[in-house]
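Structural characterization, general
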Amino acid sequence: MKSISVCLALPSVMGFMIGLLTADPVRAGISLSDLNVDVEPGMNAPGDPIETFDVTWADLPIGLCYYPPLDYVQFAHEAGDGVPGLYNIDTAAGHAVLGSIRFSAVNPGWPTSLDQKDGTGFDSISNTMFATDWNGDLNIRDDNIVEYNPSGIIINAWETDGAGNDSSDGSSIDMIIDIAVVPGSPNRYFATGFESSQVREIALTRSGAWVAGTWNTVTSWPVAGIGQPSGIDYDSDNGVLYVSDLDSANIRVADLSGSVLGSFTCSAGTINSGITYIEGSAPPEIWVTDYTSLQCRRCEADAGGTPVPTPTATATPTGPSPTPSQTPSQLQAYAIDADPGKTMVHWNNLLNPGVWNVIGSTGLYTFYAGDFAGDDYTSMYMIDSGTNQLFAVDTATAAAALIGSCLPQSGQSWTGLTGTEGGVLYAVSTNLTMSYLYTVNRLTGTAAVIGQITGVPGVIDVAVNAEGDLYAHDIVTDAIYEVDPGTGTGTLVGFTGFNANYGQGMDFDDLSGTLYLAAYNADRSGGELHRVNLSTGEATLIGLFPGGAQVDCLGIAGDWTPPPTGTPLPPTETPGGPTRTPTRTPTGCQTLWDQPISISNTNAYANQDFYPPNDSYDIFIADDFTNPGGWYIEKISIDSDTWNPGVDLTCADALNFEIYSDGGGKPDGDPRGGGNPPVWSVGLDPADPMITLEAGTSGFHTNVTLTLTDPVPLSADTWWLVFYPTMELSGCGQAGRQVSETTNGYPAMVINPLGGVGFPTVWTSVKSSSTWSLTEQDFAFNLCGYGGVVPTRTPAPATATPVPPTATVPTGAPSNTPPPPTRTPVPPTSTPPCTTLGCQVYMPKNDFTEGDECYCDVLICNPGSQTYPDIPVFVILDVYGLYFFAPSFESFDYYRMNIAPGLTTVNVLPHFTWPGGVGSASGILWYAAMTDPAITELFGGLGMFSFGWH
């Protein structure tokens, strides 16, 4: 651990915390349900129990599997004919039943006798589940496997035993118990059975239901220390299998060939009938279930894998890339923090709303209506409710570019906007008496009314799914409506079950078909993320937004299937070298500038935009070029490489190109926002048609060519080119640029804006001893285009100048309805009403800078008249996956107190002034919760707060 001497001016707790942040920049995911413990402190070894809870809703819970997209565990059980065979259980404390699947109810002709199931597995590529049935109904079907979507619609089915056996090689699986799916091309499937001591790998052909010759056995192997394999699950974080034993509490971690990598014990009773690994958990966590005790136990696990590497400044290629459980872009969300931040925000995990990254301020604009359109996630379309104008808001910078005037019906205010996969924009407006549906031209901003949304007085937002179905949220009736996109006719779906007011946003995740609702709950005085049941309208709470923020303009940037990664060159084939292939300098495009890759030094040097919490490792390389006359740049080609592990750049979420003016031998700005903005920039998905990826020196597709539809005009001058990928460290590793042997102009420059790599935080020569001390001064790139007279450039203003309002915005509302859409924000520092038993964490800000006042309080609400004696109150500081318990901030501690009626304040950190020179951090978390006196279960609601500093 690094020294914490820089923090001695702070109270000792905060000094320790800030010093700790420099020790380990890699933070894995965490489930809030980790707070619901019923064991002694010191859980730090494989097999240590975290929690045991009753499975009260099932008769015979045999198998289970974690479903990452919606953060639930699906239990399979032999419930009997005509009742649900699968239950979806919340991972959060309390483990509520979120839904169930009865196959006969959603699949016409499916026999009720086949509803019961005994095992499940998850395919993260197709977002489908596989379930097993150990005896079928012993009539029309014996043992079988079915593949189904999250709604329970069966896509494929295979019989593995009996007269209807669909195998192609004559093999069978008698009394199949569980199945694990290893996603790939093709998938790999591993199954267990009551009548076998072997784990069997099988191949499945997806040809529909009950098709002969569509499965076969690939191989089988015993698991050392396991007498009767029962539960099996695939850990996609580490690429291993977990296998449980029907005859003991033994758990084995095995590779995909059956070699045992780890061993520990965990049991929910006498029989471990099922097991699942919780992807993204930190520490690694498994659940096991016992169908005799009707209990489930959560235990710490031995992942048997390699931890995520810490970024380094130079390239050190390592082994193959692990298989990620899910592409990060499938779970990302963007939104507007309408109050108190008035900023654009982004969070990597859609299901963890308490941790987000602030992109930038929205300035003068009031955005209550916004969404993506089509598959372009570089910007969101948003309507400024103050000026009735449509903007394109950059998701990398929050910069707003004016498109045009966008007028609603007279007396109406804009409240919602949604975009279809085909790029159509629908908008809604209301005056809280009647609401209207429109289409909006995203090229001009012009709005065309479709019609009144009948019977829906106060539509606050609207969302469209992949099939084009429109749904609206009404804050007058607190209900969800389906809206006819052709006429505006509204049809009630059902009531959400909470009092929504002020900022509200909603959007679909088209991968799962789930509707997410960013809501401000007036009863709780806080912003929350919900998922909506489209059959009943009921909203289920997922989590709270930082500081109780009002969140609007929710957009989920993961509604598409990520393209497959490229195929590396065979080992015997020479990878691309310093000579460019013809596709990199196409016919008809004149070479304007060329710095070919070095023949003698093909190392890559770190150049990457990381995701939080690894922002301090962001590092960027810039190289200059000079044009003697006007240029129009049509193509830009970059040589680069990846490592730790090596991957194709299809793993990146964006490829970014920027050109800066010269500022005395170095760029006059940087990608983190220092200095002046670039004179030109673009960030594109690697799958964008303007991007071409080719094999680089390591064989991975890392050489990038950008072919522009609109050439970049540059007048005669010296300019600086910056290229970098935005790419997650976990699963994708690191990226860097490669040098050239040319000696053109100034030495290339490097900047590590937040200093995490240990390089200068200002542009510094790559030849400097404070950076890489390179012999070479240039980096490899090529510019292609044509010459001509380029007009003298006039930098665009940083933000568009708003046009005065041309429509009347309502300022009042009838006394019996909620406030109007021009919502007055709830002051973030106001004392919340005490209406719900539980804890809330308060700090004066979410982001601190030198000189700010800081403190931390926990407010405990007891809305009743009874005093609760001897209650443990846990206040836990989560610093990148390391937990410190107040008040001592040791590995385990808590307050014990009597909880009187009303609000009780616990001062966790006293008031102090935030010091300078402590670097930066984000996503630091507080958790606060009460338990019963025996510390066996939560008592009241859980509080959470996210903060950081710079």
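Residues numbered from 1 in each chain as written. Predicted model: local features only at pLDDT ≥ 70, side-chain atom pairs only at ≥ 80, totals over all residues. Heavy atoms only, no water.

**Let's talk about the overall build of the protein chain**
- Helices and strands together make up the secondary structure of the protein chain, namely three helices and 64 strands.
- Long-range contacts, defined here as pairs at least 24 residues apart, represent 61% of the contacts in the protein chain between residues at least 6 apart.
- Summed over all atoms, the accessible surface of the protein chain reaches about 34300 Å², with 53% contributed by carbon and sulfur. (Helix = DSSP H or I, 4+ residues; strand = E, 2+ residues; numbered from the N terminus. Contact = heavy atoms within 4.5 Å. Areas by Shrake-Rupley, 256 points an atom, 1.4 Å probe, with all protein chains shown as cover.)

**Regarding the nonpolar core**
- Ranked by size, the top nonpolar core spans 35 residues in total, and within it Val858, Ile860, Val875, Val908, Trp926 and Phe947 carry the most contacts.
- Those elements that provide at least two residues to this core are β56 (838-842), β58 (853-862), β59 (868-879), β61 (895-899), β62 (902-913), β63 (921-931) and β64 (938-949).
- Every residue in contact with Val875, bar those within four places of it in the chain, is listed here: Val858, Phe884, Phe885, Ala886, Tyr895, Val908, Trp926, Tyr927 and Ala928.
- Core analysis: the second largest hydrophobic core is formed by 32 residues, Ala157, Ala333, Trp347 and Ala549 among them. (Core = buried A, V, L, I, M, F, W, Y, C linked by side-chain atoms within 4.5 Å. Buried < 20%, exposed > 50% of the residue type's maximum accessible area, 1.4 Å probe, protein only.)

**Observations concerning the sheet that holds strand β6 (residues 119-123)**
- An order of β6-β7-β8-β9 is seen for the four strands of this open sheet, with the pairing classed as antiparallel. Since the sheet does not close on itself, it has two edges, and those belong to β6 and β9 (154-159), each with one partner. The average undirected angle you get between the axes of adjacent strands in this sheet is 20°.
- Of the strand pairs in this sheet, strand β7 (residues 128-133) and strand β8 (residues 144-148) are connected by five bridges, and their pairing is antiparallel. When the sheet's bridge partners are listed, Phe130 is paired in β8 with Glu147. (Pairing = 2+ DSSP bridges. Axes fitted to C-alpha atoms, helices over the stretch in contact; angles between N-to-C directions.)

**Let's talk about the pairing of strand β3 (residues 72-77)**
- Counted residue by residue, β3 has six buried out of six residues, so it is predominantly covered.
- Side chains Tyr72, Gln74 and Ala76 project from β3 onto one buried face, and the interleaved Val73, Phe75 and His77 project onto a second face that is buried too.
- As defined by bridge partners, strand β2 (residues 61-67) adjoins β3 across six bridges and the pair is classed as antiparallel. Directly across from Tyr66, in β3, lies its bridge partner Val73.
- Counted between consecutive antiparallel strands, the loop separating β2 from β3 contains four residues, among which Asp71 sits at a positive phi close to 55°.

**Some words on the environment of Ser281**
- Examined against the element boundaries, Ser281 turns out to sit in the loop between β18 (274-277) and β19 (285-290).
- The buried category is assigned to Ser281, whose relative accessible area is 11%.
- For Ser281 and Ala301, which are 20 residues apart along the polypeptide, the C-alpha to C-alpha distance reads 9.8 Å.
- Separated by 2.7 Å, the side chain of Ser281 and the backbone oxygen of Ile278 make a polar contact.
- In terms of polar contacts, Ser281 uses its side chain to reach the backbone amide nitrogen of Glu285, at 3.0 Å. (Polar contact = N/O pair within 3.5 Å; in protein donor to acceptor, adjacent residues only side chain to side chain.)

**What to know about the side chain of Ser104**
- Checked against the element boundaries, Ser104 lands in helix α2 (residues 103-106).
- Ser104 gets classed as buried once you look at its relative accessible area, which sits at 17%.
- For Ser104, the side chain forms a polar contact with the side chain of Asp115, separated by 2.7 Å.
- Those residues in contact with Ser104 that lie beyond four places of it in its chain are Trp110, Pro111, Thr112 and Asp115.

**Remarks on the confidence of the model for the protein chain**
- Across the protein chain, the average pLDDT comes to 80, with 84% of residues at 70 or higher.
- Confidence over residues 1-12 falls short of pLDDT 50; this stretch has 20 contacts with residues more than four positions distant or in other chains.
- Taken together, the stretch residues 314-330 has pLDDT below 50 and engages in 42 contacts with residues farther than four places along the chain or on a different chain. (pLDDT = per-residue confidence, 0-100.)

**Some thoughts on the state of the cysteines**
- As enumerated under the stated definition, the model contains two disulfides in all.
- Sulfur-sulfur distance for the disulfide between Cys266 and Cys299 comes to 2.0 Å. Taking the sign of the S-S torsion, 80° for the link of Cys266 and Cys299, the bridge is right-handed. On the criterion of sequence distance, the pair formed by Cys266 in the loop between β17 (260-265) and β18 and Cys299 in strand β20 (residues 295-300) is long-range, its members being 33 residues apart. (Disulfide = S-S within 2.5 Å.)

**Notes on the pattern of salt bridges**
- Taken as a whole, this structure holds 10 salt bridges when the rule is applied.
- Salt-bridge contacts for Glu147 lead to Arg206; the nearest nitrogen and oxygen are separated by 2.8 Å. Placement of Glu147 in strand β8 and of Arg206 in the loop between β12 (198-204) and β13 (215-222) is noted, with a sequence separation of 59 residues between them.
- Shared partners join several salt bridges into a network, and the residues in it are Glu51, Glu285 and Arg298. (Salt bridge = Lys/Arg side-chain N within 4 Å of Asp/Glu carboxyl O.)

**As for unusual backbone geometry**
- In this structure, Pro340 follows Asp339 across a cis peptide bond, with omega equal to 10°.
- Cis geometry is found at the peptide bond from Asn644 to Pro645, where omega equals 5°.
- Structurally, Pro645 can be placed in the loop between β45 (640-643) and β46 (654-661).
- The phi angle at Leu432 is positive, at roughly 70°, despite the residue not being glycine.
- Even without glycine at this site, Ser773 takes up a positive phi of about 55°.
- Its place among the elements puts Ser773 in the loop between β53 (764-765) and β54 (778-779).

**Structural notes on the packing of aromatic side chains**
- In this structure the tally under the stated criterion is 43 aromatic pairs.
- Residues Phe657 and Phe723 carry aromatic rings whose centres are separated by 4.9 Å and whose planes lie at 50° to one another, so their mutual orientation is tilted. Taken together, the residues Phe657 in strand β46 and Phe723 in strand β50 (residues 717-726) connect sequence positions 66 residues apart. The pair Phe657 / Phe723 is uniform in exposure class, with both members buried.
- An aromatic cluster is defined as three or more aromatic residues linked by ring pairs; in this entry it consists of Phe848, Phe889, Phe912, Trp914, Trp926, Phe947 and Trp949. (Phe/Tyr/Trp six-rings, centres within 6.5 Å; stacked < 30°, edge-to-face > 60°.)

**With respect to the sheet that holds strand β14 (residues 229-235)**
- Here we have four strands laid out as an open sheet, ordered β14-β15-β16-β17, and antiparallel in their pairing. Pairing within the sheet leaves two strands with one partner each, and these edge strands are β14 and β17. Each neighbouring strand pair of the sheet contributes to a mean axis angle of 20°, computed without reference to strand direction.

**Considerations on the environment of Ser946**
- Summarising the element assignment, Ser946 is placed in strand β64.
- A relative accessible area of 7% means that Ser946 is categorised as buried.
- Separated by 20 residues in sequence, Ser946 and Trp926 place their C-alpha atoms 6.5 Å apart.
- In contact with Ser946, other than residues within four places in its own chain, are Gly354, Val355, Pro546, Asn846, Gly923, Ile924 and Leu925.

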